[in-house]
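Chain residues, written in single-letter form:
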Amino acid sequence: MKNRVNVARKLQHKRYQNKKVYTNAQLTNAMVKTHCKIDKEGEALIKTAFHKLDISARSYNRILKVARTIADLDGCEAIQPSHIAQAIQFRTLDRKYWG
(Lines give C-alpha, C1' and ligand atoms only; values in the text may rest on other atoms or scores of the structure.)
Protein backbone atom coordinates (compact mmCIF):
# COMPACT_ATOMS: atom_id res chain seq x y z
CA MET A 1 0.00 0.00 0.00
CA LYS A 2 2.84 2.39 0.83
CA ASN A 3 4.20 1.91 -2.69
CA ARG A 4 0.80 2.71 -4.26
CA VAL A 5 0.54 5.88 -2.17
CA ASN A 6 4.06 6.95 -3.16
CA VAL A 7 3.28 6.37 -6.85
CA ALA A 8 0.01 8.34 -6.52
CA ARG A 9 1.86 11.21 -4.83
CA LYS A 10 4.40 11.30 -7.66
CA LEU A 11 1.57 11.40 -10.23
CA GLN A 12 -0.03 14.29 -8.40
CA HIS A 13 3.28 16.13 -8.04
CA LYS A 14 3.88 15.81 -11.77
CA ARG A 15 0.29 16.77 -12.67
CA TYR A 16 0.36 19.90 -10.51
CA GLN A 17 3.90 21.07 -11.08
CA ASN A 18 4.02 24.85 -11.64
CA LYS A 19 0.74 25.19 -9.74
CA LYS A 20 0.32 26.12 -6.12
CA VAL A 21 -1.16 22.77 -5.10
CA TYR A 22 0.49 19.46 -4.38
CA THR A 23 -2.38 17.06 -3.83
CA ASN A 24 -5.90 16.46 -5.14
CA ALA A 25 -7.37 17.66 -1.85
CA GLN A 26 -5.99 21.15 -2.51
CA LEU A 27 -7.70 21.60 -5.88
CA THR A 28 -9.83 24.70 -6.35
CA ASN A 29 -13.25 24.40 -7.98
CA ALA A 30 -11.81 25.56 -11.30
CA MET A 31 -9.02 22.99 -11.04
CA VAL A 32 -11.53 20.23 -10.31
CA LYS A 33 -13.16 20.95 -13.67
CA THR A 34 -9.77 20.63 -15.38
CA HIS A 35 -8.25 17.66 -13.54
CA CYS A 36 -11.31 15.60 -12.55
CA LYS A 37 -13.01 15.07 -15.89
CA ILE A 38 -15.36 12.13 -16.08
CA ASP A 39 -17.10 10.29 -18.91
CA LYS A 40 -20.85 10.19 -19.57
CA GLU A 41 -21.35 7.06 -17.47
CA GLY A 42 -19.51 8.62 -14.54
CA GLU A 43 -21.47 11.85 -14.95
CA ALA A 44 -24.76 9.93 -14.88
CA LEU A 45 -23.64 8.07 -11.75
CA ILE A 46 -22.68 11.20 -9.84
CA LYS A 47 -25.84 13.05 -10.96
CA THR A 48 -27.97 10.18 -9.68
CA ALA A 49 -26.15 10.28 -6.35
CA PHE A 50 -26.48 14.07 -6.28
CA HIS A 51 -30.26 13.83 -6.51
CA LYS A 52 -30.93 10.64 -4.53
CA LEU A 53 -28.52 11.38 -1.68
CA ASP A 54 -29.23 15.11 -1.65
CA ILE A 55 -25.57 16.06 -1.68
CA SER A 56 -24.39 19.64 -1.96
CA ALA A 57 -22.29 21.19 -4.71
CA ARG A 58 -19.39 21.21 -2.26
CA SER A 59 -19.81 17.47 -1.70
CA TYR A 60 -20.00 16.97 -5.47
CA ASN A 61 -16.52 18.48 -5.82
CA ARG A 62 -15.22 16.50 -2.86
CA ILE A 63 -16.46 13.28 -4.45
CA LEU A 64 -14.62 14.19 -7.66
CA LYS A 65 -11.39 14.91 -5.74
CA VAL A 66 -11.62 11.59 -3.90
CA ALA A 67 -12.37 9.78 -7.17
CA ARG A 68 -9.27 11.44 -8.70
CA THR A 69 -7.21 10.13 -5.77
CA ILE A 70 -8.66 6.62 -6.11
CA ALA A 71 -7.83 6.68 -9.82
CA ASP A 72 -4.28 7.78 -8.96
CA LEU A 73 -3.95 4.92 -6.48
CA ASP A 74 -5.08 2.54 -9.23
CA GLY A 75 -2.56 4.08 -11.64
CA CYS A 76 -5.33 5.28 -13.97
CA GLU A 77 -5.06 8.52 -15.88
CA ALA A 78 -8.83 8.77 -16.35
CA ILE A 79 -11.40 8.63 -13.57
CA GLN A 80 -13.56 5.54 -14.12
CA PRO A 81 -17.17 5.09 -12.96
CA SER A 82 -15.91 2.56 -10.39
CA HIS A 83 -13.71 5.27 -8.86
CA ILE A 84 -16.73 7.57 -8.61
CA ALA A 85 -18.84 4.81 -7.06
CA GLN A 86 -16.19 4.17 -4.43
CA ALA A 87 -15.89 7.90 -3.65
CA ILE A 88 -19.68 8.13 -3.27
CA GLN A 89 -19.60 5.20 -0.85
CA PHE A 90 -16.97 6.99 1.22
CA ARG A 91 -19.14 10.12 1.23
CA THR A 92 -22.22 8.22 2.39
CA LEU A 93 -20.19 6.60 5.17
CA ASP A 94 -18.97 10.05 6.18
CA ARG A 95 -22.56 11.31 6.37
CA LYS A 96 -23.68 8.25 8.32
CA TYR A 97 -21.11 8.62 11.06
CA TRP A 98 -20.44 12.38 11.10
CA GLY A 99 -23.51 14.00 9.56
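Residues numbered from 1 in each chain as written. Predicted model: local features only at pLDDT ≥ 70, side-chain atom pairs only at ≥ 80, totals over all residues. Heavy atoms only, no water.

S.K.: Please explain the overall build of the protein as it appears in this structure.
M.R.: Each helix and strand counted, the protein has five helices and zero strands in total. If you list the helices and strands of the protein from N to C, you get α-α-α-α-α. In summary, the protein has a C-alpha radius of gyration of 13 Å against a globular reference of 13 Å for 99 residues, a match within 12%. The C-alpha extent of the protein, read off along each of the three principal axes, is 35 × 30 × 25 Å. Taking all 99 residues of the protein together, 35% fall into the buried category. A sequence separation of at least 24 residues applies to 53% of the contacts in the protein between residues at least 6 apart. Working note: accessible area of the protein is about 6900 Å², and carbon and sulfur atoms make up 54% of it. Charge separation in the protein, taken as the distance between the mean sites of 20 positive and 8 negative side-chain charges, equals 7 Å. (Helix = DSSP H or I, 4+ residues; strand = E, 2+ residues; numbered from the N terminus. Rg over C-alpha atoms; globule rule 2.2 N^0.38 Å. Buried < 20%, exposed > 50% of the residue type's maximum accessible area, 1.4 Å probe, protein only. Contact = heavy atoms within 4.5 Å. Areas by Shrake-Rupley, 256 points an atom, 1.4 Å probe, with all protein chains shown as cover. Lys, Arg positive; Asp, Glu negative; His and termini not counted. Charge placed at Lys NZ, Arg CZ, Asp CG, Glu CD.)

S.K.: Explain the side chain of R68 here, please?
M.R.: Looking at where R68 falls in the secondary structure, it is placed in helix α4 (residues 57–73). The contacts of R68, once residues within four sequence positions are left out, are R15, Y16, N24, H35, C36, C76, E77 and I79.

S.K.: Explain helix α3 (residues 40–52) here, please?
M.R.: Two residues of an α-helix separated by three or four positions point the same way, owing to the 3.6 residues in each turn. The end-to-end C-alpha separation of α3 is 18 Å, in line with the 18 Å expected for 13 residues at 1.5 Å each. Residues of α3 that are buried include every one of G42, I46 and A49, and no others. Down the axis of α3, the smallest arc covering the buried residues is 55°, so these residues share one side. α3 presents K40, E41, H51 and K52 as exposed residues on the side facing more than 90 degrees away from its buried surface. Among the residues of α3, the N-terminal cap falls to D39, whose side-chain oxygen and the backbone nitrogen of E41 are separated by 3.3 Å. One or two positions beyond α3, positive phi appears at D54, with a value near 55°. (Expected span 1.5 Å × (residues − 1). Arc of directions from axis to C-beta. Polar contact = N/O pair within 3.5 Å; in protein donor to acceptor, adjacent residues only side chain to side chain.)

S.K.: When you look at the packing of aromatic side chains in this model, what are you seeing that I'm missing?
M.R.: Taken as a whole and assessed by the stated rule, the structure comprises one aromatic pair. Taking 5.9 Å as the distance between ring centres and 90° as the angle between the ring planes, the aromatic pair formed by F50 and Y60 counts as edge-to-face. With a gap of ten residues between them, F50 in helix α3 and Y60 in helix α4 connect regions that are remote in the sequence. (Phe/Tyr/Trp six-rings, centres within 6.5 Å; stacked < 30°, edge-to-face > 60°.)

Note that every value here comes from positions in space, so none of it alone points to a role or purpose.
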